Amino acid sequence: MAVTLQQLTQWKQSGRSIISLTAWEYSLARILDRAGVDIILVGDSLAMVGLGHSSTLPVTLDEMIHHTKAVCRGVQHALVVCDLPFMSYQVSVSQAIAAAGRVLKETGASAVKLEGGHPKIVNIVQELTIIGIPVMGHVGLTPQSVRILGYKQQGQTKESAQIIIDQAIALAQAGAFGIILEHIPSDLAATITDKIAIPTIGIGAGNKCDGQVLVTADLLGMSSRQPPFAKSYVNLKQVITDAVQDFTQEVQHQKFPQS
Ligand code: KIV
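What you see is a predicted model, and the numbers here were worked out from it, not measured in a lab.

Asker: It is not clear to me how a nonpolar patch on the surface should be interpreted in this structure. Could you clarify?
Answerer: On the surface, Phe-86, Met-87 and Val-91 cluster together into a nonpolar patch covering about 270 Å² of accessible area. Residue Val-91 is classed as exposed on the basis of its relative accessible area of 57%.

Here's what the structure looks like:
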């Protein structure tokens, strides 16, 4: 049974934590899906972990669509959400509708995610949901604004915390089905989680959110650099290096292939 938007809200109500991870290609998505992940996000972190850029800004809508198609081919159960990349939705409502429409028509993803909680973005979220495109919000540290925010924790002052609370409430009222809370204090994330009826998915936002998301390259220990709040559950970089060295040894000593 595929995960539905209604299920996510029910899980918030029942206190069942929502598990989300990012994916950028077929094989990884297939493994995450079979392992029981609820939401697979084709995040624009693809730009960094999949394409080698130094920020998320360069990835294009065409690249997001290409990778989301591959992810969707591997997924049977999870809800697939595709990030709208930088400058594919900020210009106007019609640009956002065209971009989100392409994602839903061409990829098989069920929803899009976009960053920010300014009234202009809230309006875009509302217009997308009105025409039947499910939208996930993203507030706190929004990496598409790295040139202004850097990568530092957001919501540290009373005033900036209140802005993030107001943004989350506005996004929920505009019809977002869930909100990513990135790199904000734990008590702020807990306050937002209590105040809105839609699920909050935290990353660097403490353990009081309705769910958690990690960039899978960080979880697997594959990233060249990772944020302070990420956790690696395995050192796949080392596992791959060891396997490649074993292969090299066996080939050099004519042990592989065996004849
Ligand atoms: O792009 C991404 O991977 C994300 C996560 C950090 C939530 O937006």
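Asker: Any chance you could explain the packing of helix α5 (residues 93–107) against helix α6 (residues 119–130) here in plain terms?
Answerer: For any two helices packed against each other, the geometry is given by the interaxial angle and the distance between the axes. Here α5 crosses α6 at 50°, and the two axes come no closer than 10 Å. Classified by the angle between their axes, α5 and α6 sit oblique to one another. Both α5 and α6 take part in a crossing whose hand is right-handed. Here Val-93, Ala-96, Ile-97 and Ala-100 of α5 lie close against α6, whose contacting residues are Asn-123, Ile-124, Glu-127 and Leu-128.

Asker: Whenever I open this one, the sheet that holds strand β3 (residues 79–83) confuses me. Can you help?
Answerer: Sheet architecture is closed into a barrel: eight strands sit in the order β1-β2-β3-β4-β5-β6-β7-β8, paired in parallel fashion. Neighbour-to-neighbour, the strand axes of the sheet open up by a mean angle of 25°, direction not taken into account. Bridge analysis of strand β2 (residues 39–42) against β3 gives four bridges, and the strand direction is parallel. Each residue of the ladder has a partner; that of Leu-41, found in β3, is Val-81.

Asker: Looking at this structure, how should I read the site of the ligand?
Answerer: As a structural note, the neighbourhood of the ligand is formed by Thr-22, Leu-41, Gly-43, Asp-44, Ser-45, Asp-83, Lys-113, His-138, Glu-182, Ile-203, Val-213 and Val-215. Separating an oxygen atom of the ligand from a side-chain N or O atom of Asp-83 is a distance of 3.2 Å. Across the shell around the ligand, the residue classes break down as four nonpolar, four polar and four charged.

Asker: Before we go on, may I ask you to explain the layout of surface pockets in this structure?
Answerer: Looking at the largest pocket, its volume works out to about 720 Å³. Lining the largest pocket we find 35 residues, and of these Ser-45, Met-48, Val-215, Asp-218 and Pro-227 sit closest to its centre. Mapped by element, the contributors of at least two residues to the lining of the largest pocket are α3 (46–49), β6 (178–182), β8 (211–214) and α10 (216–219). By volume, the second largest pocket is sized at about 480 Å³. Looking at the second largest pocket, it is lined by 22 residues, and the ones nearest its centre are Gly-116, Thr-142, Ser-145, Leu-149 and Gln-167. For the lining of the second largest pocket, the secondary-structure elements that each account for two or more residues are β5 (135–140), α7 (146–149) and α8 (158–174).

Asker: It is not clear to me how the packing of α8 against helix α9 (residues 186–195) should be interpreted in this structure. Could you clarify?
Answerer: Two elements in contact, α8 and α9, have axes whose closest approach is 10 Å; the angle formed by their N-to-C orientations is 30°. When the axis of α8 is compared with that of α9, the two are roughly parallel. When you trace α8 past α9, the crossing you get is right-handed. Contacts from Ala-161, Ile-164, Ile-165, Ala-168 and Ile-169 of α8 reach α9 at Leu-188, Thr-191, Ile-192 and Lys-195. Grouping the constituent residues of the contact of α8 with α9 by class yields seven nonpolar, one polar and one charged.

Asker: How do you make sense of α8 when you look at a structure like this?
Answerer: An α-helical segment advances 3.6 residues per turn. Residues three or four places apart therefore align on the same side. Across its 17 residues, α8 extends 24 Å between first and last C-alpha, which sits within 8% of the 24 Å expected from 1.5 Å per residue. Buried within α8 we find Ala-161, Ile-164, Ile-165, Gln-167, Ala-168, Leu-171 and Ala-174. Elements in contact with the buried residues of α8: α6, β5, β6 and α9. At the C-terminal side of α8, Gly-175 shows a positive phi close to 115°.

Asker: Explain the pairing of strand β1 (residues 18–22) here, please?
Answerer: Each regular strand shows side chains that alternate between the opposite faces of the sheet. Among the five residues of β1, four are classified as buried, and the element is accordingly described as predominantly covered. Here β1 runs beside β8; their pairing, made up of four bridges, is parallel. Bridge pairing in β8 places Ile-19 opposite Gln-212. Examined bridge by bridge, β1 and β2 share three bridges and lie parallel to one another.

Cut-offs used in this document
- Residues numbered from 1 in each chain as written.
- Predicted model: local features only at pLDDT ≥ 70, side-chain atom pairs only at ≥ 80, totals over all residues.
- Heavy atoms only, no water.
- Patch = residues over 30% accessible without salt bridge, like charges linked within 9 Å, V, L, I, M, F, W, Y side chains within 5 Å.
- Areas by Shrake-Rupley, 256 points an atom, 1.4 Å probe, with all protein chains shown as cover.
- Salt bridge = Lys/Arg side-chain N within 4 Å of Asp/Glu carboxyl O.
- Buried < 20%, exposed > 50% of the residue type's maximum accessible area, 1.4 Å probe, protein only.
- Axes fitted to C-alpha atoms, helices over the stretch in contact; angles between N-to-C directions.
- Helix = DSSP H or I, 4+ residues; strand = E, 2+ residues; numbered from the N terminus.
- Parallel < 35°, antiparallel > 145°, perpendicular 65-115°, else oblique.
- Left-handed = near helix turned anticlockwise from the far one by under 90°.
- Contact = heavy atoms within 4.5 Å.
- Pairing = 2+ DSSP bridges.
- Near = heavy atom within 4 Å.
- Polar contact = N/O pair within 3.5 Å; in protein donor to acceptor, adjacent residues only side chain to side chain.
- Nonpolar A, V, L, I, M, F, W, Y, C, P; charged D, E, K, R; others polar.
- 1 Å grid on protein atoms, 1.4 Å probe; cavity = no way out; pocket = protein on both sides within 12 Å on 5 of 7 lines; lining within 4 Å.
- Points joined across faces, edges and corners; volume = space filled by probe spheres on them.
- Expected span 1.5 Å × (residues − 1).

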